[in-house]
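Coordinates in review
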Amino acid sequence: MSMIFGVPAAVLSGQLLIGVINGAFYALLSLGLAVIFGLLKIINFAHGAMYMLGAMATVIMFDALGINYWVALFVAPVLVGIVGMVIEYFFLRRIAGQDHIYSLLLTFGIALMIQGVLTNIYGVSGLRYSMPDVFKGGVNLGFMFLPYYRAWVIVAALVVCFGTWFMIEKTKLGSYLRAGTEDSQLMQGFGINVPLLVSLTYGFGVMLAAFAGVLAAPIYSVTPVMGSHILIVVFAVVVIGGMGSIGGAIITGILMGIIEGLTKTFYPPASSAVIFLVMVVVLMIRPSGLFGKEA
Amino acid sequence: MSVNPDKEYEQLRVSGLHAFYGESHILHGIDLVVNRGELVTLLGRNGAGRSTTLKAIMNMVGRRTGSIMINGEETMSCAPHHIARLGVGYCPEHRGIFSSLSVQENLTLPPVVRSGGMSLEEIYTMFPNLYERRTSQGTKLSGGEQQMLAMARILRTGANMLLLDEITEGLAPVIVEKLGEVLVALKEKGLTIVLVEQNFHFAAPLADRHYVVEHGQIVEEIGAHELTEKQSVLNGYLGV
């Protein structure tokens, strides 16, 4: 068997694949956080809960109503997006413009409540969700075995990330979002319904999280606390990429997944800490993040 | 753009307007009237409350009391985006050019609020520099070009009342001259203009009337024809 730096090539590529998949989830989640932070200037600690809701909704809708994966891929994000807009309308809107700490505490509290209620009902042992038959099996690439579902996750996440980036950077709607990020008061003075834009943006941001949740349902353990585990890592990714940078969030997400995967191969004990290590280094050298604008 | 100048039609009536930023009380009962097709200036020292008056009309200050009628409609309870839709175009003092948008994106950002606005071609004819630099980042333009962009942006929307805050501030004389020509052209089109201006020599030949603002109140109203006789009063207020 061929070896790379003393590690079997199959092991290395296997860990790289896991890294890219984790990175795809980091990218989807940090992208939503970046979009929300850009316009609303809030640090959405409920993001992990929205990811979890997307996964839970997929499982629950299947068990209760027999709704399949493909339908869930659209319905679950839309439902969670609506939940998000309700939260924005009734809670976040009231503390708009206040110090970051208020929205941080509020969204953290909302996340704990959603988690708590679902834990009471479903427990924390994890719900079972089997992947659609079409994804069973995989393909042998010669140097590694690629399960179909993993390949699908990477493609779907990349397409959604790129689509989001394109919409924000290249379209008229995106120019509203970019301008609103800079000066939402003036935008409203031009006749743009900024409160509506804010609701939709928050809804869209949490939809991305829920979409990641649906993608995660067949491969990760679906529990009410699954979001709180990943959220901390995702925040580190956002800090590394630079708060509010759309492209930066995507690239950093995938990069950090890969770095994590490589660390798992070469020095496993450091794998859960390596992203935070990178964060510390980036904060020391470039406090505004790799892709953030220098203040 | 065919707006019939009707000097009798009250496009804007502000009465007893008070405005507050947090605890500070900025406007202390502003009263003013602007008729359709008029160009009216708000003169006064820095901090007198002129910019705040424009912002208060746009509902962009913290708290307001009093009355602001636009086209005969009370707007005190209107959200800012509804005020723009009444045909009001606002050009802020800091110009508000968005750095994450190209020049053309900046130009086409404000939605069209009324029919009869200038087309992109007309705007590029009026401001050829903007055409040449349409793909540049908005804030990469020179100060003068940014000011042109900030003006051009609201001409596209079809707004028939413009609130312009310190548009000549910090600009080279040749740019100021160009802005003067633009204002004359807009006046000929019948637009109503409220101009907050520090540069009295720029404003004097353009304006129909002047309001002098001091300590958040209108302290003097001077028609264009009274300028010479009231010059010393005005100088006193402006401290020149």
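Residues numbered from 1 in each chain as written. Chains lettered and ligands numbered in written order. Predicted model: local features only at pLDDT ≥ 70, side-chain atom pairs only at ≥ 80, totals over all residues.

A count of helical and extended segments in chain A gives 10 helices and 4 strands. Taken from N to C terminus, the helices and strands of chain A fall in the order β-β-α-α-α-α-β-β-α-α-α-α-α-α. For a compact globule of 295 residues, the expected C-alpha radius of gyration is about 19 Å, and chain A comes in at 19 Å, within 12% of that figure. Its C-alpha atoms put chain A at 65 × 50 × 35 Å along the principal axes. In chain A, buried positions account for 49% of the 295 residues. Taking the contacts inside chain A whose residues are at least 6 apart along the sequence as the reference set, 77% of them involve residues at least 24 apart. (Helix = DSSP H or I, 4+ residues; strand = E, 2+ residues; numbered from the N terminus. Rg over C-alpha atoms; globule rule 2.2 N^0.38 Å. Buried ≥ 20, exposed ≤ 12 C-beta atoms within 10 Å, placed from the backbone. Contact = placed C-beta atoms within 7 Å.)

Now for the sheet that holds strand 2 (residues 24-35) of chain B. Residues and elements named next belong to chain B. Strand order in this open sheet of 4 strands is 2-1-4-5, and the pairing throughout is antiparallel. On the outer flanks of this sheet lie strand 2 and strand 5 (73-74), each paired with one strand and no other. Examined bridge by bridge, strand 1 (residues 10-21) and strand 4 (residues 63-70) share 7 bridges and lie antiparallel to one another. Its bridge partner being in strand 4, S15 is matched across the sheet by S67. Those strands touched by helix 1 (residues 50-57) are strand 1, strand 2 and strand 4, and its axis lies near 75° from that of strand 2. (Pairing = 2+ DSSP bridges. Axes fitted to C-alpha atoms, helices over the stretch in contact; angles between N-to-C directions.)

What follows concerns the packing of helix 5 (residues 148-170) of chain A against helix 7 (residues 194-216) of chain A. Residue and element names in this part refer to chain A. One way to put it is that helix 5 packs onto helix 7 with a least axis distance of 11 Å and a crossing angle of 170°. When the axis of helix 5 is compared with that of helix 7, the two are roughly antiparallel. Two secondary-structure elements touch here, helix 5 through V153, A156, A157, V160 and T164 and helix 7 through L208, F211 and L215. Here the residues of the contact of helix 5 with helix 7 are counted per class, giving 7 nonpolar, 1 polar and no charged. (Parallel < 35°, antiparallel > 145°, perpendicular 65-115°, else oblique. Nonpolar A, V, L, I, M, F, W, Y, C, P; charged D, E, K, R; others polar.)

Looking now at the environment of A:S2. Within the element layout of this structure, A:S2 appears in the segment before strand 1 (3-4). Between the alpha carbons of A:S2 and A:F143 there is a distance of 9.2 Å; along the sequence they are 141 residues apart.

A few words on the interface of chain A and chain B. Across the contact, 15 residues belong to chain A and 18 residues belong to chain B. Ranked by the residues each element gives to the side of chain A that touches chain B, the list is headed by helix 6 (residues 172-189) of chain A, at 10 residues. Residues that form the side of chain A that touches chain B fall into these classes: 5 nonpolar, 7 polar and 3 charged.

Now for the nonpolar core. All names here are of chain A. Counting residues in each nonpolar core, the largest one holds 152 residues, and the members touching the most others are L28 and A210. Considering every element that reaches this core, the biggest residue donor is helix 1 (residues 9-40), with 16 residues. When residues no more than four places from it in sequence are discounted, the contact partners of L28 are A157, V160, C161, L208, F211 and A212. (Core = buried A, V, L, I, M, F, W, Y, C linked by C-beta atoms within 7 Å.)

The subject of this paragraph is the packing of helix 5 of chain A against helix 6 of chain A. Each pair of packed helices can be described by the angle between their axes along with the distance between the axes. Residue and element names in this part refer to chain A. Closest axis-to-axis distance for the helix 5/helix 6 pair is 5 Å, and the angle between their directions is 75°. One finds that helix 5 runs roughly perpendicular with respect to helix 6. Contacts from M167, I168, E169 and K170 in helix 5 reach L173, G174, L177 and R178 in helix 6. When the residues that make up the contact of helix 5 with helix 6 are grouped by side-chain class, the tally is 4 nonpolar, 1 polar and 3 charged.

Moving on, we come to the UniProt feature "transmembrane region" (unreviewed entry) in chain A. Residue and element names in this part refer to chain A. When the UniProt feature table is mapped to this numbering, "transmembrane region" (unreviewed entry) covers residues 12-37, 49-67, 73-92, 104-129, 149-168, 196-220, 226-259 and 266-285. Counting secondary structure, residues 104-129 comes out at 73% helix and 0% strand; the distance between its end C-alpha atoms is 32 Å. End C-alpha to end C-alpha, residues 196-220 measures 35 Å, and it is 84% helix and 0% strand. (UniProt positions renumbered as here; feature names shortened; annotations may be inferred.)

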